[in-house]
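# Structural features, examined
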Amino acid sequence: MTVTALDPRTALVVIDLQTGIVGAPTQPYTGAEVVTRSAQLADAFRAHGLPVVLVRVSFAADGADAVPGRTETPRPGGALPEGWDEIVGELSGHDGDITVTKHNWGAFHGTDLDVQLRRRGVTQIVLTGIATSIGVESTARAAYEHGYHVTLATDAMSDRSAEAHANSVERIFPRLGETGTTAELLELLAKTHD
């Protein structure tokens, strides 16, 4: 286990586990596996009185708040299905959870995530979600730059390809924080917060 500690005020930050994303093909874990493990962590954080932040990505119907700029990969066109941006049922509906809506890959830029965390005295975040190399990695980078201790639940996240997931987990995340499995984090949480 490479996770060495969880601060007294650690928050779980769940990235983009919403209906229009979790059903897409992902590797090395399915969306359902990521949701199940994230829900286990969320339940444990709630039971210890620690903050749970549910981050979702959404855009105005006309796309006016989408990130501009030229890219080599075409962006999906057309209208998004109704309800695509709703947090999945396994994670939603808990009083006290914080919901953050983002319009970028990362959850810090253009949102109140940093304010929400700092007001609660949070010094560390545990990240889960989809996609590892996009939303999760972008948020991890920003959290590191904001001075948070960053922990990444590597089996509670997945990507469009196993290679993209592995690149983040093996090459990027060790430079931003500590990594561990859901089981390791649940065990550490029980040891340090009971």
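As a reminder, the structure under discussion sits directly above these lines.
Presented here is a report on the structure given in the accompanying data block. Keep in mind that this is a model prediction, so the values were computed, not measured. (Residues numbered from 1 in each chain as written. Predicted model: local features only at pLDDT ≥ 70, side-chain atom pairs only at ≥ 80, totals over all residues. Heavy atoms only, no water.)

Turning to the pattern of salt bridges, a few remarks are in order. In total, this model carries eight salt bridges according to the counting rule given. Notably, a salt bridge pairs Asp16 with Lys102, separated by 3.0 Å at the nearest N-O pair. Separated by 86 residues along the polypeptide, Asp16 in the loop between β1 (10-15) and α1 (19-22) and Lys102 in strand β3 (residues 98-102) bring together distant segments of the chain. Given a relative accessible area of 6%, Asp16 falls into the buried group. For Lys102, a relative accessible area of 2% corresponds to the buried category. For Glu187, the salt bridge identified is with Lys191, shortest N-O distance 3.2 Å. Remark: Lys191 and Glu187 occur in helix α6 (residues 182-193); sequence separation between them is four residues, near one turn of the helix. Because the salt bridges share partners, they merge into one network encompassing Asp43, Arg46 and Asp97. (Salt bridge = Lys/Arg side-chain N within 4 Å of Asp/Glu carboxyl O. Helix = DSSP H or I, 4+ residues; strand = E, 2+ residues; numbered from the N terminus. Buried < 20%, exposed > 50% of the residue type's maximum accessible area, 1.4 Å probe, protein only.)

Before going further, it helps to spend a moment on the nonpolar core. With 30 residues, the main nonpolar core has Leu12, Leu17, Phe45, Leu91, Ile130 and Leu185 as its most contacted residues. Elements that contribute at least two residues to this core include exactly β1, α1, α2 (31-47), β2 (52-57), β4 (124-130), β5 (149-158) and α6. When residues of this core are assigned to their parent elements, the largest contribution, seven residues, is made by α2. Residues in contact with Leu91, not counting those within four places in the same chain, are Val14, Leu17, Ser38, Ala39, Ala42, Arg46, Leu54 and Asp97. Membership of the second largest hydrophobic core comes to 26 residues, among which are Ala11, Val55, Leu117 and Phe173. (Core = buried A, V, L, I, M, F, W, Y, C linked by side-chain atoms within 4.5 Å. Contact = heavy atoms within 4.5 Å.)

Scope: geometric values only; no functional claims are made or implied.
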